[in-house]
Amino acid sequence: MPGEKNIVAYKNPNDPEVLKKRAEADFAYMNTERGFVMSCIARKFKPSAKKYGGHHAHESMDKKEFWRLYMNHIILMKEKFPDSDGRLCRYCEQPFTFETKMGTRGKGLNPNRGTQNHTNFSIDRYDPRITYKQNNIIFCCFGCNDRKHNSNPDDWKNYLRIGKELINDQDK
């Protein structure tokens, strides 16, 4: 009838079809650069990161500051590699990927949760003894971040010193 409004029925948020559509929308967003990077940044501000001994962002940092630093990283890498789009790992200088796995919204734990794409974007602390703050943040790939693990600049100096000693010992 004229003048009547279409009434939209309430959708149950636990309906499997609704959950599937939400999971697909989340998956599509999380596989974009912005979605993936913002998810990585948001993890640095989760209360559980501090509560369970994880690494929390310094109080001087906010999400906008992380994003600004990421944009500066892109500019820096574009200057260093003019033929690239600047979305490169600071350590190995290979391009980032932004790939996630389909979530299991409402279905419990994802059994493939631990597996990562080693070229995926990651945020590292240059010195792991210090939290995430302005001059301690490195944008890198997951593989390089994983390989670096908890080594710090003092360890690197020792590795270089030992390497030089080994070369000198071979020359004798």
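Residues numbered from 1 in each chain as written. Predicted model: local features only at pLDDT ≥ 70, side-chain atom pairs only at ≥ 80, totals over all residues. Heavy atoms only, no water.

Caption draft 1: Region of the structure containing the overall build of the protein. Across its full length, the protein holds six helices and two strands. Relative to its 172 residues, the protein shows a buried fraction of 30%. Taking the contacts inside the protein whose residues are at least 6 apart along the sequence as the reference set, 49% of them involve residues at least 24 apart. (Helix = DSSP H or I, 4+ residues; strand = E, 2+ residues; numbered from the N terminus. Buried < 20%, exposed > 50% of the residue type's maximum accessible area, 1.4 Å probe, protein only. Contact = heavy atoms within 4.5 Å.)

Caption draft 2: Molecular detail of the packing of helix α2 (residues 33-43) against helix α4 (residues 63-80). In the contact formed by α2 and α4, the axes pass within 10 Å of each other and the chain directions differ by 125°. One element, α2, and the other, α4, form an angle in the oblique class. In this structure, α2 crosses over α4, and the sense of that crossing is right-handed. Contact with α2, carried on its side by E33, R34, V37, M38, I41 and A42, involves K63, F66, W67, Y70 and I74 of α4 and no other residues of that element. (Axes fitted to C-alpha atoms, helices over the stretch in contact; angles between N-to-C directions. Parallel < 35°, antiparallel > 145°, perpendicular 65-115°, else oblique. Left-handed = near helix turned anticlockwise from the far one by under 90°.)

Caption draft 3: How the structure looks around the pairing of strand β2 (residues 137-141). Of all five residues in β2, five are buried; the element is thus mostly enclosed. Taken together, the five bridges between strand β1 (residues 121-125) and β2 define a ladder with antiparallel strand orientation. When the sheet's bridge partners are listed, F121 is paired in β2 with C141. (Pairing = 2+ DSSP bridges.)

Caption draft 4: Seen up close, the side chain of E65. By the secondary structure assignment, E65 is in helix α4. We classify E65 as buried; its relative accessible area is 16%. Within polar-contact distance, the side chain of E65 engages the side chain of R68 at 2.6 Å. (Polar contact = N/O pair within 3.5 Å; in protein donor to acceptor, adjacent residues only side chain to side chain.)

Caption draft 5: Region of interest: the packing of aromatic side chains. Applying the stated rule across the entire model yields 11 aromatic pairs. Ring-pair connections join several aromatic residues into one group, and the members of that group are F36, W67, Y70, F96, F98, F121 and F139. Its end group placed over the ring of W67, R34 keeps NZ or CZ at 4.5 Å from the ring centre. Directly above the ring of Y132 sits R125, whose terminal nitrogen or CZ lies 5.5 Å from the centroid. (Phe/Tyr/Trp six-rings, centres within 6.5 Å; stacked < 30°, edge-to-face > 60°. Lys NZ or Arg CZ within 6 Å of the ring centre and 35° of its normal.)

Caption draft 6: Region of the structure containing the pairing of β1. Burial runs high along β1: five of the five residues are buried. A two-sided burial pattern is seen for β1, the buried positions comprising F121, I123 and R125 on one face and S122 and D124 on the other.

Caption draft 7: Local environment of unusual backbone geometry. Non-glycine residue E93 carries a positive phi angle of around 65°. As for its position among the elements, E93 is in the loop between α4 and β1. Residue E93 is classed as partly exposed on the basis of its relative accessible area, which comes to 29%. One non-glycine residue, H149, lies in the positive phi region at around 50°. With respect to the helices and strands, the residue H149 is situated in the loop between α5 (142-148) and α6 (153-171).

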